[in-house]
Amino acid sequence: MSIPDRIGYGPFGLRTKIHDWQSRTTLFRGAPSAGMRTDFTVNTQPVIFLHSPKTAGISLARMLGVKRLSHTCAKYRLNERHWLNSFSVTIVRHPFERFLSGYYDHILKSNRNGLVKMYGWDIKKISAREYLDVLAENPKYGGSQLNWTNYPSLNKPQADLVLRFEDIANWKATLSNAGIDVGDRPLEHRNKSARGSSDHLERLALSPNAFKQLETDVRDFFAADYQAFEYD
């Protein structure tokens, strides 16, 4: 039995499933949502932002003028006409670092988030390895980053600009070179997890060997990301 099956769906699970279904049905219209729209254009094309979880996306979204939070993938929201007639920006991050940040934020933090709404508070008791099973069932919370970078189009199979989290100090220059001049807008670090300042072995209750095994499991799970974005 998978972890999501064992935990079950919380009182808001049905509502979440309905929202997911509604999101997919919007492909009929296919226009960018408020969670994608920025206040920039490049060569008259509207700039849209595709927010992959745990990549400093909230910080970039605010700098680009995005009005609300959304993790919607372009392939579930946009039809090809809108995809081809927009300039898309997204971010990727080292898969293991992103995974740890997600676990610290979604599971170890005591906040009531989307996973709690789906599964109830028991979700906060799962291990880091079990969190992979949850992501397999709910990729919008931190599944393959290819969901946000890629689109099923022969004419434009990937977002126009893919930033790297590790290059955050140069984001403004990279955006400017692409025709997006953010001026003096600040890039604030929002929703920062405790991952960077934590003793992982202690917080995750893992031995050194178990931690290495977790890293191997994550590498296997995100093998396509490691290869596509050339992470070691």
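Here, every reference points to the structure presented above.
Presented here is an overview of the structure given in this document. (Residues numbered from 1 in each chain as written. Predicted model: local features only at pLDDT ≥ 70, side-chain atom pairs only at ≥ 80, totals over all residues. Heavy atoms only, no water.)

## Focus on the overall build of the chain
Then step 1. From N to C terminus, the chain includes 13 helices and four strands.
Then step 2. Residues classed as buried in the chain amount to 48% of the 232 residues present.
Then step 3. Taking the intrachain contacts of the chain between residues at least 6 apart in sequence as the baseline, contacts between residues at least 24 apart amount to 75%.
Then step 4. When the accessible area of the chain is evaluated, it comes to approximately 11,900 Å², of which 50% is carbon and sulfur surface. (Helix = DSSP H or I, 4+ residues; strand = E, 2+ residues; numbered from the N terminus. Buried < 20%, exposed > 50% of the residue type's maximum accessible area, 1.4 Å probe, protein only. Contact = heavy atoms within 4.5 Å. Areas by Shrake-Rupley, 256 points an atom, 1.4 Å probe, with all protein chains shown as cover.)

## Remarks on the pairing of strand S4 (residues 161-164)
Then step 1. Side chains of S4 alternate between two faces, with Leu 161 and Leu 163 buried and Val 162 and Arg 164 left unburied.
Then step 2. Two elements, strand S3 (residues 87-92) and S4, share four bridges in a ladder whose sense is parallel. Counterpart to Val 92 in the pairing with S4 is Arg 164. (Pairing = 2+ DSSP bridges.)

## Observations concerning the side chain of Asn 113
Then step 1. Within the secondary structure layout, Asn 113 lies in the loop between helix H6 (95-108) and helix H7 (114-119).
Then step 2. When neighbours within four sequence positions are excluded, Asn 113 is seen to be in contact with Asp 105, His 106 and Lys 124.

## What to know about the sheet that holds strand S2 (residues 45-50)
Then step 1. As summarised here, the arrangement of the four strands in space is S1-S2-S3-S4, forming an open sheet in which the pairing is mixed. Only two strands of the sheet have a single neighbouring strand rather than two, namely strand S1 (37-42) and S4. Ignoring strand direction, the axes of neighbouring strands in this sheet form an average angle of 30 degrees.
Then step 2. Alignment of S1 against S2, held across three bridges, turns out to be antiparallel. For Arg 37, the partnering residue across the bridge sits in S2 and is Ile 48. (Axes fitted to C-alpha atoms, helices over the stretch in contact; angles between N-to-C directions.)

## Some words on helix H8 (residues 128-137)
It helps to recall that an α-helix has 3.6 residues per turn; residues three or four apart then point in one direction.
Then step 1. For H8, the complete set of buried residues consists of Ala 128, Tyr 131, Leu 132, Val 134 and Leu 135. What you see down the axis of H8 is that its buried residues fit within an arc of 165 degrees, all on one side. (Arc of directions from axis to C-beta.)

## Thoughts on unusual backbone geometry
A negative phi holds for most residues other than glycine; trans holds for most peptide bonds.
Then step 1. The backbone of Thr 44 sits at a positive phi, close to 70 degrees, despite the residue not being glycine.
Then step 2. In this structure, Thr 44 sits in the loop between S1 and S2.
Then step 3. The backbone phi angle of Ala 205 is positive, close to 55 degrees, even though this residue is not glycine.
Then step 4. On the secondary structure map, Ala 205 appears in the loop between helix H11 (200-204) and helix H12 (208-221).

## Thoughts on the environment of Val 92
Then step 1. One can find Val 92 in strand S3.
Then step 2. The buried category is assigned to Val 92, whose relative accessible area is 1%.
Then step 3. Taking the C-alpha atoms as reference points, Val 92 and Glu 166, 74 residues apart in sequence, are found 8.7 Å from one another.
Then step 4. Those residues in contact with Val 92 that sit more than four places away from it in its chain are Thr 55, Gln 145, Thr 149, Val 162, Leu 163, Arg 164, Phe 165, Glu 166, Phe 229 and Tyr 231.

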